Structure formats: structure tokens, C-alpha cells
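# What the coordinates show
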Amino acid sequence: MFIGHFAPAFLAAATYSRGPKLATYFVAAQLVDWAFFALAMVGIEQMRIDPNATVMVPFDLHYMPYTHSLLGTGLWALTFGIVIAIWYRDTIAGLLIACVVGSHWVLDWLTHRPDLTLAGGEKTYGFGLWNHPEIAMPLEIGITLAAFLFYMKRSRGPIFQPLILLAALFAMQAINWFAPHPTEASLLLYIQALFAFGVVTLLAMWVGKNRYFTQRGGLAAASL
């Protein structure tokens, strides 16, 4: 799953307008993937290309206990949640951020083949929807679009920037699905993934600066 991970970010940003702006939730949504690709660059976590891994994705994520185990994801969620709660002096914001980070493991469990662990052990988990494109593709598009529309309904502002963000998300997802896949897991692949995360985060920052949330009494106030 790629753009589907941003669905919880849209939902959280729209649900609690006093919390961080959209870009922070976007970082939270892909935090464990930011960490995975950074760790893979130095060989701490590992992946390889296997055309038979799943029908949709040829990535064999065979060693990622620090980011994609349930325990690892939970620790990333707890840490980032505490940082945000302290920074904003807002416990609710911290809890929402932690939930968005934690949602990554749940969504990966739906799509990954069994390659996720609870705490880095031998037993692996994954529902394997990447082997069923007829389900995985509409699911990812559907949850992303529904969350985006919810965010748009709850906020006010120019429509141009959000549409650019949505177009970029769908364009990157199309590349992920339909472009030729790499033949090996290389430093270039890791850098490309981090670059893609950076681009959509910057676009989310642009959107967040221009969206406002209706408060009681009908006054529009910028998200904090």
C-alpha cells in the first residue's frame, strides 16, 4: 500500500483542527517507511526484488524488524506521538499522531504477503491483498478518495492546491502499479522512495497552509 497510508492522515487532520497541519500527519502516515528506507540505505534493514513475491509488487521485504514489526511500529508511534504532544502541548494531537503512525502496520497487514512480524520473530503475518489486484486497487483508491473528500468537506479554502496534491498521489500510485519495476534493490531505489515521500509531504504542507476549519459561530480559523 502506498497512497492508502495517507487516508488516516486526511482523516486525523480533518477531525482535530487544533492539532498539527496536514504535512505532519503525512509524515506520520509514512514514518515507518521513511525509517525503513533510511535503514535500508545503511544495510540495517533489507529488501530484495523477487518477481514472484506477489502479483502486484515484486518487493521481498525479508528483514525489517525495527520498522515493520508491530512492536517496532508501536515504538515509532509512541515516540512521535510524545514529541508532538510535547511540542504542541496537546495530548489529543499526540494521540492522533500516534494512531496515524500505528495505522501503517494495519494497512500493510491487509496488502502484504506474510512478511510482517509482531516483534521481529520467525512467525509472519499478512493478508496478501497484493495477490488480488481486483480488490487491492479499488480499496486503496477508495479509502484515499473518501478520506480526501472528508478533509475537503471539513475545511475551507482554495481547491487548486488540494487537487494538485490528489493528482500527485494518484500519479505516483499509477507509477507504482504500472511502470516497469526495478530489477534490484539499490541505493537509487531507496532514494527515489524517500524523494517521493518528500514531494507529497511538501505538497501537503502547501495544502495545509491554505485550508481553514470552520469553528463554532461560523468563523473560519486556520489549523494550528
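About the thresholds
Residues numbered from 1 in each chain as written. Predicted model: local features only at pLDDT ≥ 70, side-chain atom pairs only at ≥ 80, totals over all residues. Heavy atoms only, no water. Helix = DSSP H or I, 4+ residues; strand = E, 2+ residues; numbered from the N terminus. Buried < 20%, exposed > 50% of the residue type's maximum accessible area, 1.4 Å probe, protein only. Contact = heavy atoms within 4.5 Å. Areas by Shrake-Rupley, 256 points an atom, 1.4 Å probe, with all protein chains shown as cover. Salt bridge = Lys/Arg side-chain N within 4 Å of Asp/Glu carboxyl O. Expected span 1.5 Å × (residues − 1). Arc of directions from axis to C-beta. Core = buried A, V, L, I, M, F, W, Y, C linked by side-chain atoms within 4.5 Å. Pairing = 2+ DSSP bridges. Axes fitted to C-alpha atoms, helices over the stretch in contact; angles between N-to-C directions. Parallel < 35°, antiparallel > 145°, perpendicular 65-115°, else oblique. Left-handed = near helix turned anticlockwise from the far one by under 90°. Nonpolar A, V, L, I, M, F, W, Y, C, P; charged D, E, K, R; others polar.

Our next topic: the overall build of the protein. When you go through the protein residue by residue, the secondary structure sums to eight helices and five strands. Its helices and strands taken in sequence order, the protein reads α-α-α-β-β-α-α-α-β-α-α-β-β from the N to the C terminus. If you line up the protein on its principal axes, its C-alpha atoms span 55 × 35 × 30 Å. Residues classed as buried in the protein amount to 48% of the 224 residues present. Pairs at least 24 apart in sequence give 67% of the contacts found in the protein among residues at least 6 apart. For the protein, the accessible surface area stands at approximately 11100 Å², while carbon and sulfur atoms represent 70% of it.

With respect to the helices and strands, Thr24 occurs in helix α2 (residues 22–29). Assessed through its relative accessible area of 19%, Thr24 is described here as buried. Apart from residues lying up to four places away in sequence, Thr24 is in contact with Phe80, Ile84, Tyr88 and Ile97.

Next up on the list: the pattern of salt bridges. Here the structure, examined in full by the defined rule, presents two salt bridges. Among the salt bridges present, the one from Asp60 reaches Arg113, with a minimum N-O distance of 2.7 Å. Placement of the pair is Asp60 in strand β2 (residues 59–63) and Arg113 in the loop between α5 (91–111) and α6 (133–154), with a sequence separation of 53 residues. For Asp60, a relative accessible area of 8% puts it in the buried group.

On to unusual backbone geometry, then. Phi is positive for Arg89, which is not a glycine, with a value near 50 degrees. Within the secondary structure, Arg89 sits in the loop between α4 (70–88) and α5. A relative accessible area of 79% means that Arg89 is categorised as exposed.

The subject of this paragraph is helix α7 (residues 160–178). Here α7 is 19 residues long and its end C-alpha atoms lie 27 Å apart, about the 27 Å a rise of 1.5 Å per residue gives. Among the residues of α7, Gln161, Pro162, Leu165, Leu166, Ala168, Leu169, Met172, Gln173 and Trp177 are the ones counted as buried. Buried residues of α7, seen end-on, are gathered within an arc of 165 degrees and therefore sit on one face of the element. Turned more than 90 degrees away from the buried face of α7 sit Phe160, Ile175 and Phe178, all of them exposed. At its buried positions, α7 is contacted by α1 (7–15), α2, α6 and α8 (187–208).

Turning next to the nonpolar core. Of all hydrophobic cores here, the largest spans 55 residues; its most connected members are Phe10, Leu22, Phe26, Tyr151 and Leu165. At 10 residues, α8 tops the list of elements feeding residues into this core. Counting six residues, the second-largest nonpolar core is a separate cluster that includes Val57, Leu129, Trp130 and Ala136.

Our focus in this paragraph is the pairing of strand β1 (residues 46–49). Burial along β1 is one-sided: Met47 and Ile49 are buried, while Gln46 and Arg48, pointing the other way, are not. As paired elements, β1 and β2 share three bridges and run antiparallel to each other. Residue pairing for β2: Arg48 is matched across the bridge by Asp60.

The next point concerns the packing of α7 against α8. Running from N to C, α7 and α8 point in directions that differ by 165 degrees, and their axes come no closer than 9 Å. Here α7 is positioned roughly antiparallel relative to α8, judged by the angle of their axes. Here α7 and α8 pass one another in a crossing that is left-handed. Note on element contacts: α8 touches α7 through Ala196, Val199, Val200, Leu203, Ala204, Trp206 and Val207, opposite Phe160, Gln161, Pro162, Ile164, Leu165, Ala168, Leu169 and Met172. Residue composition of the contact of α7 with α8, by class: 14 nonpolar, one polar and no charged.

This part takes up the environment of Phe80. Mapped onto the elements, Phe80 comes out in helix α4. Each C-alpha atom, one on Phe80 and one on Ile97, is 7.1 Å from the other, the two residues being 17 residues apart in sequence. Residues in contact with Phe80, not counting those within four places in the same chain, are Thr24, Val27, Ala28, Leu31, Ile97 and Val101.

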